[in-house]
Amino acid sequence: MANVYIEARPKNRPEHDPITDYVVEDHADSVLTTAKTQREAIDWAKARGHRPLVARVRHRQNAKSNPDHWRHAE
């Protein structure tokens, strides 16, 4: 089961700017799919056998190489 990352878009937006959608990315930053909600993105990833990770803090730049920036989605 591969880890995938659920990230809000647009990237690097100011803290209170709205989220337009969520993407599911692999470790190489390739977008696998786009969803309107974080839950839809998580469900998509789980249905395909992936292990989704979500950012602990949404408005920050989260490095995929730093496990402290991510938590497992439920």
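Here the structure is shown first, and the text comes after it.
Keep in mind that this is a model prediction, so the values were computed, not measured. (Residues numbered from 1 in each chain as written. Predicted model: local features only at pLDDT ≥ 70, side-chain atom pairs only at ≥ 80, totals over all residues. Heavy atoms only, no water.)

Caption draft 1: Summary view of the pattern of salt bridges. Inspection of every chain in the model, using the stated rule, returns seven salt bridges. Note that Lys64 and Glu7 form a salt bridge whose closest N and O atoms lie 3.2 Å from each other. Taken together, the residues Lys64 in the loop between β4 (51-55) and β5 (70-72) and Glu7 in strand β1 (residues 3-9) connect sequence positions 57 residues apart. When sorted by exposure, Lys64 lands in the same class as Glu7, which is buried. Between Glu25 and Arg9 there is a salt bridge; the shortest N-O distance is 2.4 Å. Residue Glu25 is found in strand β2 (residues 21-25), and its partner Arg9 is found in strand β1; the two are separated by 16 residues along the sequence. Residue Arg9 is classed as buried on the basis of its relative accessible area, which comes to 15%. Within the structure, one salt-bridge network assembled from shared partners comprises Glu7, Arg9, Lys11, Glu25, Asp29 and Lys64. (Salt bridge = Lys/Arg side-chain N within 4 Å of Asp/Glu carboxyl O. Helix = DSSP H or I, 4+ residues; strand = E, 2+ residues; numbered from the N terminus. Buried < 20%, exposed > 50% of the residue type's maximum accessible area, 1.4 Å probe, protein only.)

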